Amino acid sequence: MVDAAVLEKLEAGFTKLAASDSKSLLKKYLTKEVFDNLKTKKTPSFGFTLLDVIQSGLENHDSGVGIYAPDAEAYAVFADLFDPIIEDYHGGFKKTDKHPPKDWGDVDTLGNLDPAGEYIISTRVRCGRSMQGYPFNPCLTEAQYKEMEDKVSSTLSGLEGELKSQFYPLTGMTKEVQQKLIDDHFLFKEGDRFLQAANACRFWPTGRGIYHNDAKTFLVWCNEEDHLRIISMQMGGDLGQVYRRLVTAVNDIEKRIPFSHDDRLGFLTFCPTNLGTTVRASVHIKVPKLAADKAKLEQVAGKYNLQVRGTRGEHTEAEGGVYDISNKRRMGLTEYDAVKEMNDGIAELIKLESSL
């Protein structure tokens, strides 16, 4: 049975949200009928409620989405709310649709997008993963954070070759090491108010850490927003090399740590915007001529389902004609296809820029 205090909070939050001018997907799809149907439900293994799912959006009416999954089962238990939001966000991935099985494709078909080094400053491909048997971030206990950190650091210490790395726990990290990692754009900071409201930053920095190789081309974030963020990156435009490194790493880690996966939704993470492949392939690219014609840039990006952002992340301006451009689609296509879309779109943008 859902606790009376939780129900009270839910009712008050729902009334406030309904009366607000929020543009969030939560407000759009949390009708009175859906709310009444879900408010007394709990996830079977960990007992999470609708409040755990929607508390961030209830507190932040300016959220874009407004919901998070407290555990893997929440996607099924609260499907009446998750499914329409997923469909809306992921461009029509309907509740009758099924995400295809994992397929990294032929890794050797991707190469260097900018051999002369004129346009692409850096290339990065990353994915999110959750460890089976643990709830997601907001509901982890301090002991679970520690246990996961131990598991991840002992697992990753077994990686070989260019993936051979060192684990730097956030707890006890010296200010110098911390500053150096932040300056290199490697270290994550404590979550923003949306994550704070979703309870995703409890016991900070316990159980959080970063693992990277000497060349800093391969890194794993442990318990930032997701259990694991696996990242391959390097300067220049050699997408093939970056992608191959990521695929090798993910396959290797998967042999040692079982991941949360759903037959219909693909890989599961804390945020419903990041399901399916969970792959984000991006470049920092210098296109000053196209930057002067933003409409043209957006048009090409749209054709290849790419997202254009400033280099400091979402909602920031481009500095000196440099943009962060990444694939938008994560669901309903394979890992390879997601990266290939980015590859083809960037090739087209470079062709255009050089012809202007």
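Keep in mind it's a predicted model, so treat the numbers as computed, not measured.

Caption draft 1: Molecular detail of the sheet that holds strand β1 (residues 120–129). Reading across from one edge, β2-β3-β4-β5-β1-β8-β10-β9 is the order of the eight strands in this open sheet, with antiparallel pairing throughout. In the strand order of this sheet, the two ends are held by β2 (165–169) and β9 (306–310), each with one partner. Going across the sheet, the axis of each strand differs from the next one's by a mean of 20°, ignoring polarity. In the sheet, β1 pairs with strand β8 (residues 280–286) via six bridges, with the strands oriented antiparallel. Bridging from a neighbouring strand, Val125 pairs with Ala281 of β8. Along the sheet, helix α13 (residues 335–355) contacts β1, β8, β9 and β10 (322–327); its crossing angle with β8, the most-contacted strand, is approximately 15°.

Caption draft 2: Layout of the packing of aromatic side chains. Under the counting rule described, the total for this entry stands at six aromatic pairs. Residues Tyr75 and Phe82 carry aromatic rings whose centres are separated by 4.6 Å and whose planes lie at 50° to one another, so their mutual orientation is tilted. Aromatic pair Phe167 and Tyr211: ring centres 6.3 Å apart, planes at 45°, arrangement tilted. With Phe167 in strand β2 and Tyr211 in strand β3 (residues 209–213), this residue pair connects regions lying 44 residues apart in the sequence. The exposure classification of Phe167 matches that of Tyr211, with both residues buried. In this structure, Arg129 packs its charged tip against the face of Phe267, placed 3.6 Å from the ring centre. In this arrangement the basic side chain of Arg208 is found over the ring face of Tyr145, its NZ or CZ atom lying 4.0 Å from the centre.

Caption draft 3: Examining the nonpolar core more closely. In this structure, Val125, Phe218, Ile230, Tyr243, Ile285, Ile325 and Ile346 are the most contacted members of the largest nonpolar core, which totals 56 residues. At eight residues, helix α10 (residues 239–256) tops the list of elements feeding residues into this core. Beyond its immediate chain neighbours, meaning those up to four positions away, Phe218 contacts Leu159, Leu163, Ser165, Tyr211, His212, Asn213, Ile230, Ile231, Arg245, Ala249 and Ile253. Grouped together as the second largest cluster of nonpolar side chains are 40 residues, Leu25, Leu38, Leu51 and Ala74 included.

Caption draft 4: Structural context of the UniProt feature "domain: Phosphagen kinase N-terminal" (unreviewed entry) in the protein. When the UniProt feature table is mapped onto this chain numbering, "domain: Phosphagen kinase N-terminal" (unreviewed entry) sits at residues 6–91. A helix fraction of 59% and a strand fraction of 0% characterise residues 6–91, whose end C-alpha atoms lie 33 Å from each other.

Caption draft 5: Spotlight on helix α7 (residues 142–156). The end-to-end C-alpha distance of α7 is 21 Å, a good match for the 21 Å that 15 residues give at a rise of 1.5 Å each. Looking at α7, one finds that the buried residues are Gln144, Tyr145, Met148, Glu149, Val152, Thr155 and Leu156. One side of α7 holds all its buried residues, which, seen down the axis, span an arc of 140°. Residues Ala143 and Asp150 are exposed on α7 and point more than 90 degrees away from its buried face. On its buried face, α7 is in contact with β2, β3, β4 (218–222), β5 (228–235) and α10.

Caption draft 6: Quick peek at the side chain of Thr278. Counting through the fold element by element, Thr278 comes out in the loop between β7 (266–267) and β8. Of note is the side chain of Thr278, whose polar atom sits 3.1 Å from the backbone nitrogen of Gly128. One polar contact links Thr278 to Arg129, side chain to side chain, over a distance of 3.1 Å. Setting aside residues up to four positions removed in sequence, Thr278 forms contacts with Arg126, Cys127, Gly128, Arg129, Phe267, Thr269 and Arg330.

About the cut-offs
Residues numbered from 1 in each chain as written. Predicted model: local features only at pLDDT ≥ 70, side-chain atom pairs only at ≥ 80, totals over all residues. Heavy atoms only, no water. Pairing = 2+ DSSP bridges. Helix = DSSP H or I, 4+ residues; strand = E, 2+ residues; numbered from the N terminus. Axes fitted to C-alpha atoms, helices over the stretch in contact; angles between N-to-C directions. Contact = heavy atoms within 4.5 Å. Phe/Tyr/Trp six-rings, centres within 6.5 Å; stacked < 30°, edge-to-face > 60°. Buried < 20%, exposed > 50% of the residue type's maximum accessible area, 1.4 Å probe, protein only. Lys NZ or Arg CZ within 6 Å of the ring centre and 35° of its normal. Core = buried A, V, L, I, M, F, W, Y, C linked by side-chain atoms within 4.5 Å. UniProt positions renumbered as here; feature names shortened; annotations may be inferred. Expected span 1.5 Å × (residues − 1). Arc of directions from axis to C-beta. Polar contact = N/O pair within 3.5 Å; in protein donor to acceptor, adjacent residues only side chain to side chain.

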